[in-house]
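# Coordinates in review
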Amino acid sequence: MLNTPIRSVEWSNDHITLLDQRLLPSQTEFITLTAIEDVWEAIFELKVRGAPAIGITAAYGLALWAQQSQHDHFNEFCEDLKKQAAYLETSRPTAVNLFWAIKRILSVVERVSTIKKAKEAILDKANVIAKEDEDVCRSIGEHAINLFQDGDTLLTHCNAGGIATARYGTALAPFYIAKERGIHLKAFASETRPVLQGARLTAWELQQLGIDVTLITDNMVAHTIKTKGINAIIVGADRIAANGDTANKIGTYGLALLAKALQIPFYVAAPLSTIDLATSSGEDIEIEERHADEIRKLNGQLVTTADMKVFNPAFDVTPAELITGIITERGIVSGDYKTKLEGLFI
Ligand SMILES: CSC[C@@H](O)[C@@H](O)C(=O)COP(=O)(O)O
């Protein structure tokens, strides 16, 4: 049995090694990314997914491009780097960690004046982004664990686990910290459509680590909360606006409404890198719409007619007033999110 989730993104000398999350849980296959186009495709196709893991992969993607660059002139190198950054930014729109990580990489070349130094600085920064995320996720788990008691049962949606981050995850981090400390937390996992990330990823990830997890389909949540004594819901986030409105995997908003109706707390666990103070409210968050075949098909087989009209938003926005608390590496905030989220950055 594993002690911590397997690492989904790693820099290996001159390429990126990536766990192909589309194949889980039936195949644990690592792929090699050797060009920036591979990185774009891996993010777009959900080979790598989860806000922090997307950011880390994009940072390494720019490091990969930089290592391979044949430019002789520093200015041309910098101009091209910006173009590659803009290209990677088109891979997915909602998770702000992608834009946050790319911005951090671009800022390092402002402090150097040679291509050699820029190449080193970019890779160093990508490594820092990955390492920081691991520490940050652990801190999130350590704060989150204080909210729960031995024997509690938590429902989580989609996958905000170790494979969605550098390690530990966000919403799943308290389960790992609890296990280390001999505290028993039980999980119920949802997101069984459109891309089954609760079933394929979270249930698998927690089971691998010996955590008591039960899978339910998305239409079973209200009944399960009522009949199975769910103490709280905890989810991750793709972008948290300045007022606390939170974009996360489609279905999250419905869970928050259920939590309110059934009077259980609803927590969001996310790093500061997911908080976007430049976006004032959830209305300004771009929600990705994905290919209709994600809905029309299941395991490659049509479950409706081939030309069925489909609406397939990948995320929804939970209004801040439905969120009991946002758990970050710097502590838990609740209530006046606008002031308190800003305060986390001081
Ligand atoms: C720590 S991962 C947080 C979020 O990114 C996660 O909850 C989620 O919604 C993932 O969406 P995905 O489409 O799989 O990238």
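Let me begin by describing the structure that accompanies this report. Just so we're clear, the structure is a prediction, and the values are computed from it rather than from any experiment.

### With respect to the packing of helix α4 (residues 96-108) against helix α5 (residues 115-145)
It is the contact of α4 with α5, at a shortest axis distance of 9 Å, that shows an interaxial angle of 145°. You can see that α4 and α5 cross each other, and the crossing is right-handed. Contact with α4, carried on its side by A101, R104, I105 and V108, involves A121, I122, K125, A126 and I129 of α5 and no other residues of that element. Split into classes, the residues belonging to the contact of α4 with α5 amount to 7 nonpolar, no polar and 2 charged.

### Details of the sheet that holds strand β11 (residues 275-276)
In space, the 4 strands of this open sheet follow the order β11-β8-β9-β14, with mixed pairing throughout. Edge positions in the open sheet fall to β11 and β14 (315-318), since each of these has one partner strand only. For strand β8 (residues 239-241) and β11, the ladder comprises 2 bridges, and the chain directions are parallel. Bridge pairing in β11 links A241 to D276.

### Side note on unusual backbone geometry
The amide bond that connects L24 to the next residue, P25, takes the cis arrangement and shows omega of 0°. Mapped onto the secondary structure, P25 falls in the loop between β2 (15-19) and β3 (30-33). Between R193 and the following residue, P194, the backbone shows a cis peptide bond with an omega angle of 5°. Within the fold, P194 resides in the loop between β5 (186-190) and α7 (197-208). Here the phi dihedral of L46 falls at roughly 70°; this positive angle occurs in a residue that is not glycine. One can find L46 in the loop between α1 (36-44) and α2 (51-68). Residue classification places L46 among the partly exposed positions, given that 18 C-beta atoms sit within 10 Å. Backbone geometry places Q263, a non-glycine residue, at a positive phi of 55°. Along the polypeptide, Q263 turns up in the loop between α9 (252-261) and β10 (266-269).

### A closer look at the site of the ligand
Among the 19 residues in the neighbourhood of the ligand, the closest are listed as R49, G50, A164, G236 and K249. Secondary-structure elements contributing two or more residues to the shell around the ligand are α2 and β9 (246-249). Within the shell around the ligand, the residues separate by chemical class into 9 nonpolar, 7 polar and 3 charged. Composition of the shell around the ligand by domain shows at least three residues from each of domain 1 (9-137) and domain 2 (141-344).

### Overview of the sheet that holds β5
If you walk across this open sheet you meet the 7 strands as β6-β5-β4-β7-β10-β15-β16, and the pairing is mixed. Looking at strand neighbours, the two that pair on one side only are β6 (213-215) and β16 (331-333), the edges of this open sheet. Here the strands of the sheet are splayed against their neighbours by 25° on average, with no regard to which way each runs. The sheet strands contacting α5 are β10, β15 (325-328) and β16, and the helix crosses β15 at an angle near 135°. Most of the contacts of α9 go to strand β7 (residues 232-235), to which it runs at about 160°, and overall it touches β4 (153-157), β7 and β10.

Analysis parameters
Residues numbered from 1 in each chain as written. Predicted model: local features only at pLDDT ≥ 70, side-chain atom pairs only at ≥ 80, totals over all residues. Axes fitted to C-alpha atoms, helices over the stretch in contact; angles between N-to-C directions. Helix = DSSP H or I, 4+ residues; strand = E, 2+ residues; numbered from the N terminus. Left-handed = near helix turned anticlockwise from the far one by under 90°. Contact = placed C-beta atoms within 7 Å. Nonpolar A, V, L, I, M, F, W, Y, C, P; charged D, E, K, R; others polar. Pairing = 2+ DSSP bridges. Buried ≥ 20, exposed ≤ 12 C-beta atoms within 10 Å, placed from the backbone. Near = placed C-beta within 6 Å. Domains from an automatic or database assignment.

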